[in-house]
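Topology and contacts: notes
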Amino acid sequence: AWMGVTNCVKDQSNDHVKRIAQFALGTVKAASETLIDREDPARGNVQIRVGFHSGPVLSNVIGSHNPHYTLFGDTVNTASRMESTSQTGRIHCSESAALLLREQAPEIKTTCRGKVLIKGKGEMTTYWVDAPLLHGQ
C-alpha cells in the first residue's frame, strides 16, 4: 500500500482532486503495463487497486530516533477504505471526491458505484473513476 497526498505544501485548492485522479490513472496504467517477471511474461502484469478521498488532514513528524512524516485524520482513514474496497485495476473514490473531480476535471468521468458498506463509516455512496486510458477508449 502507498498513499499520495496533494494540496499539503502548496495551495492546490482548484485542482488537487484532478491531480490525484490523474496520478491514479497513470499509476494503474503503468502497473498494468509492467511485467511481474521479465523472464517469464506468462506470469502477467502487475495489477493494483486504487482509492482516494478529499478532506482535511493533520500532519507532523513523528519520532526522534527514526523520525518520519505522517498524516492523521478521518480523511486518511476514508481514503484507505476507498482503496481496500476497490477492485483490481480500478479507481474508487468517495462521493465528496467525485463531486470535486467533476468541478476540477469534467473530462475525467465517474460512475456511481452505489452504496458500499465501509468499515467504520457505514454505508457510503461511492464512485468509480473511469479510466479511458486503460480501456483504449
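The structure presented is a predicted model; accordingly, all values stated were derived computationally and were not measured. (Residues numbered from 1 in each chain as written. Predicted model: local features only at pLDDT ≥ 70, side-chain atom pairs only at ≥ 80, totals over all residues. Heavy atoms only, no water.)

**A short note on the pairing of strand β2 (residues 58-62)**
Bridge count between β2 and strand β3 (residues 68-72): 5 bridges; the pairing is antiparallel. Bridge pairing links isoleucine 62 to histidine 68 in β3. As consecutive antiparallel partners, β2 and β3 are separated by 5 residues, and within that stretch glycine 63 has a phi angle of approximately 95°, a positive value. (Pairing = 2+ DSSP bridges. Helix = DSSP H or I, 4+ residues; strand = E, 2+ residues; numbered from the N terminus.)

**Structural notes on the nonpolar core**
Formed by 18 residues in total, the largest nonpolar core has its most connected members in Leu25, Phe52, Ile91, Cys93, Leu101, Ile108 and Val129. Within the residue set of this core, elements represented by two or more residues are α1 (16-32), β1 (50-52), β4 (91-94), α3 (95-104) and β6 (122-129). Among the elements that line this core, the one with the most residues is α1, at 6 residues. The contact partners of isoleucine 108, leaving out residues within four places of it in the chain, are Ala21, Gln22, Leu25, Leu101 and Val129. (Core = buried A, V, L, I, M, F, W, Y, C linked by side-chain atoms within 4.5 Å. Buried < 20%, exposed > 50% of the residue type's maximum accessible area, 1.4 Å probe, protein only. Contact = heavy atoms within 4.5 Å.)

**Brief notes about the sheet that holds strand β5 (residues 110-118)**
Pairing within the open sheet is mixed, and its 4 strands lie in the order β1-β4-β6-β5. Edge strands, defined here as strands with exactly one partner in the open sheet, are β1 and β5. Between one strand and the next, the sheet's axes are offset by a mean angle of 30°, whatever the strand orientation. Across 3 bridges, the pairing between β1 and β4 is parallel. Paired with phenylalanine 52 across the bridge in β4 is cysteine 93. Lying over the sheet, α1 contacts β1, β4 and β6, oriented at roughly 175° with respect to β1. Seen against the sheet, helix α2 (residues 74-84) touches β1, β4, β5 and β6 and runs at an angle of roughly 150° to β1. (Axes fitted to C-alpha atoms, helices over the stretch in contact; angles between N-to-C directions.)

**A short note on the side chain of threonine 110**
By the secondary structure assignment, threonine 110 is in strand β5. Residue classification places threonine 110 among the buried residues on the basis of a relative accessible area of 16%. Separated by 3.4 Å, the side chains of threonine 110 and arginine 102 make a polar contact. Dropping the residues within four chain positions of it, threonine 110 is found in contact with Ala98, Leu101, Arg102, Tyr127, Trp128, Val129 and Asp130. (Polar contact = N/O pair within 3.5 Å; in protein donor to acceptor, adjacent residues only side chain to side chain.)

**Details of the pattern of salt bridges**
Applying the stated criterion across every chain yields a total of 5 salt bridges. For aspartate 37, the salt bridge identified is with arginine 43, shortest N-O distance 3.7 Å. Classification of aspartate 37 as partly exposed rests on a relative accessible area of 24%. Notably, a salt bridge pairs glutamate 83 with arginine 49, separated by 2.7 Å at the nearest N-O pair. With glutamate 83 in helix α2 and arginine 49 in the loop between α1 and β1, the pair connects residues that are 34 residues apart, well separated along the chain. Overall, glutamate 83 belongs to the partly exposed group, its relative accessible area being 23%. (Salt bridge = Lys/Arg side-chain N within 4 Å of Asp/Glu carboxyl O.)

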